[in-house]
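Below are the chains, spelled out letter by letter.
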Amino acid sequence: MSDRERVASADAPHPPPGGEQLAVAAGVFALLADQTRLHVLWLLAGGEADVSELTEASGAARPAVSQHLAKLRLAGLVRSRKDGRRAVYSLRDGHLRRLVVEALNHADHQVTGESWHA
């Protein structure tokens, strides 16, 4: 077994990704590259929220939050449901929640200088 196969089999939970999986994952990371979108996703990792709650918690302008939510919904990362007259948003799945939380945990180590985990 080559070193490359050993690393892939030891660390990867599934077979090596194909071009389509890599393209979709790169698209997710591109959406996460915006600070406001990342903040909104982090807020939604804590539970459902409507635009007003996300606007207040993020400090971003309401139209910006609405536009970011529209992009995230079109990409399939968040879903919405109606609760009376308001739309309530939530993350689509636990994979995205863990990805957002881990990205911010990684950033914590870089910002604080805390030692890295093995």
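Residues numbered from 1 in each chain as written. Predicted model: local features only at pLDDT ≥ 70, side-chain atom pairs only at ≥ 80, totals over all residues. Heavy atoms only, no water.

## A look at the overall build of the protein
Line of reasoning, step 1. Across its full length, the protein carries 6 helices and 3 strands.
Line of reasoning, step 2. The N-to-C order of helical and strand elements in the protein reads α-α-α-β-α-α-β-β-α.
Line of reasoning, step 3. Taking all 118 residues of the protein together, 25% fall into the buried category.
Line of reasoning, step 4. Taking the intrachain contacts of the protein between residues at least 6 apart in sequence as the baseline, contacts between residues at least 24 apart amount to 47%.
Line of reasoning, step 5. With the model as given, the accessible surface of the protein reaches about 8300 Å², and the carbon-plus-sulfur share is 54%. (Helix = DSSP H or I, 4+ residues; strand = E, 2+ residues; numbered from the N terminus. Buried < 20%, exposed > 50% of the residue type's maximum accessible area, 1.4 Å probe, protein only. Contact = heavy atoms within 4.5 Å. Areas by Shrake-Rupley, 256 points an atom, 1.4 Å probe, with all protein chains shown as cover.)

## A short note on the packing of helix 3 (residues 35–45) against helix 4 (residues 51–58)
Line of reasoning, step 1. Across the interface, helix 3 lies against helix 4 with an axial gap of 10 Å and an inter-helix angle of 115°. Crossing geometry of helix 3 relative to helix 4 is assigned as right-handed. Between helix 3 and helix 4, the contacting residues are His39, Val40, Leu43 and Leu44 on the first element and Leu54, Ala57 and Ser58 on the second.
Line of reasoning, step 2. For the contact of helix 3 with helix 4, the residue count by class is 5 nonpolar, 2 polar and no charged. (Axes fitted to C-alpha atoms, helices over the stretch in contact; angles between N-to-C directions. Left-handed = near helix turned anticlockwise from the far one by under 90°. Nonpolar A, V, L, I, M, F, W, Y, C, P; charged D, E, K, R; others polar.)

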